[in-house]
Amino acid sequence: MIQSRPCRVMQGESEKDMEGFYKVSESGGTFVTGIFYNPETKEERHEVLRDYDYSDGSRDNDELYYMQINKKVRWQWLHAKGVIQTGDTVKVVKGRKVPIGTVAKVTDKKPFYDRYRRWQADYLYLDNGMKTNCNNCILIEEQAAG
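Residues numbered from 1 in each chain as written. Predicted model: local features only at pLDDT ≥ 70, side-chain atom pairs only at ≥ 80, totals over all residues. Heavy atoms only, no water.

Undergrad: Help me understand helix α2 (residues 71-80) in this model?
TA: Structurally, the α-helix is built with 3.6 residues per turn, so residues lying three or four positions apart point the same way. Among the residues of α2, Val73, Trp75, Trp77, Leu78 and His79 are the ones counted as buried. Next to the buried residues of α2 lie β1 (22-27), β2 (31-38), β3 (43-51) and β8 (137-141). The N-terminus of α2 is capped by Asn70, whose side-chain oxygen sits 3.1 Å from the backbone nitrogen of Lys72. Positive phi shows up at Gly82, right after α2, with a value of about 90°. (Buried < 20%, exposed > 50% of the residue type's maximum accessible area, 1.4 Å probe, protein only. Helix = DSSP H or I, 4+ residues; strand = E, 2+ residues; numbered from the N terminus. Contact = heavy atoms within 4.5 Å. Polar contact = N/O pair within 3.5 Å; in protein donor to acceptor, adjacent residues only side chain to side chain.)

The structure is reproduced here in structure tokens:
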């Protein structure tokens, strides 16, 4: 298993500029991009990892393409973006089914689809047995990545 480590060198960038960045996301088909995040400075960078339209491999960056996603840093990156995750403590600020002001821990997070299988919302299942829309809550306390 390859261990995740901070980025050292990127194409066209100096080594000093990318020190401390970790891979947190990767997306694409024939044009693969990655997101790199520095937890100390809270800075985010988007980089091209592979472009299959260039058969000579001139835009490929194999070192970054094969780098594994660091789960702990990804957790911090998602919290910095305001994404609520399982294990976090949230406070309900709006809605009608769960009393406003309720503070609870999130036990599960699931998407809600309509009868045509279209995504409608993400629902949080709380430790008190209730469920509420993710948009009705604010993050009170983050759980450390496990």
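There's plenty left to go through after this.
Undergrad: Any chance you could explain the pairing of strand β6 (residues 119-126) here in plain terms?
TA: In terms of strand pairing, strand β5 (residues 103-113) meets β6 through seven bridges, oriented antiparallel. Following the sheet pairing, Phe112 is matched in β6 by Ala121. The antiparallel hairpin formed by β5 and β6 contains five residues in its connecting segment, where Arg117 sits at a positive phi of about 65°. Sheet topology note: the β6/strand β7 (residues 131-133) ladder contains three bridges and is antiparallel. The residue of β7 that forms the bridge with Leu124 is Thr132. (Pairing = 2+ DSSP bridges.)

Undergrad: Explain the environment of Gly101 here, please?
TA: Locating Gly101 in the fold gives a position in the loop between β4 (89-92) and β5. The spacing of Gly101 and Cys137 is 36 residues in sequence and 9.5 Å in space, taken between C-alpha atoms. Non-local contacts of Gly101, meaning those with residues more than four positions away in its chain, are made with Lys91 and Val92.

Undergrad: I would appreciate a short explanation of the sheet that holds β1 in the present structure.
TA: Where strands meet in a sheet, backbone hydrogen bonds hold them as pairs that are either parallel or antiparallel. One open sheet accounts for three strands, arranged β1-β2-β3; its pairing is antiparallel. In this open sheet, the two edge strands, each paired with only one partner strand, are β1 and β3. Taken over all neighbouring pairs, the strand axes of this sheet differ in orientation by 25° on average, direction set aside. Lying on the sheet, α2 is in contact with β1, β2 and β3; it crosses β1 at an angle near 75°. (Axes fitted to C-alpha atoms, helices over the stretch in contact; angles between N-to-C directions.)

Undergrad: What should I look at first to understand the nonpolar core in this one?
TA: It is characteristic of soluble globular proteins that their nonpolar side chains tend to be buried jointly. Within the largest apolar cluster, ten residues are counted, these being Ile84, Val90, Val92, Val98, Ala104, Val106, Leu124, Leu126, Cys134 and Cys137. Within the residue set of this core, elements represented by two or more residues are β4, β5 and β6. When sequence neighbours within four positions are dropped, the list of residues in contact with Val90 reads Ile84, Thr102, Val103, Ala104, Val106, Leu126, Cys137, Ile138, Leu139 and Ile140. (Core = buried A, V, L, I, M, F, W, Y, C linked by side-chain atoms within 4.5 Å.)

Undergrad: Would you mind showing me how to read the layout of surface pockets here?
TA: Of the pockets and cavities examined, the largest pocket occupies roughly 160 Å³. Lys94, Gly95, Arg96, Lys97, Val98, Tyr123, Lys131, Thr132, Asn133 and Asn136 are the residues that line the largest pocket. The leading source of residues in the lining of the largest pocket is β7, at three residues. The residue makeup of the lining of the largest pocket, split by class, is two nonpolar, four polar and four charged. (1 Å grid on protein atoms, 1.4 Å probe; cavity = no way out; pocket = protein on both sides within 12 Å on 5 of 7 lines; lining within 4 Å. Points joined across faces, edges and corners; volume = space filled by probe spheres on them. Nonpolar A, V, L, I, M, F, W, Y, C, P; charged D, E, K, R; others polar.)

Fair warning: the whole summary comes from geometry, so function is off the table for now.
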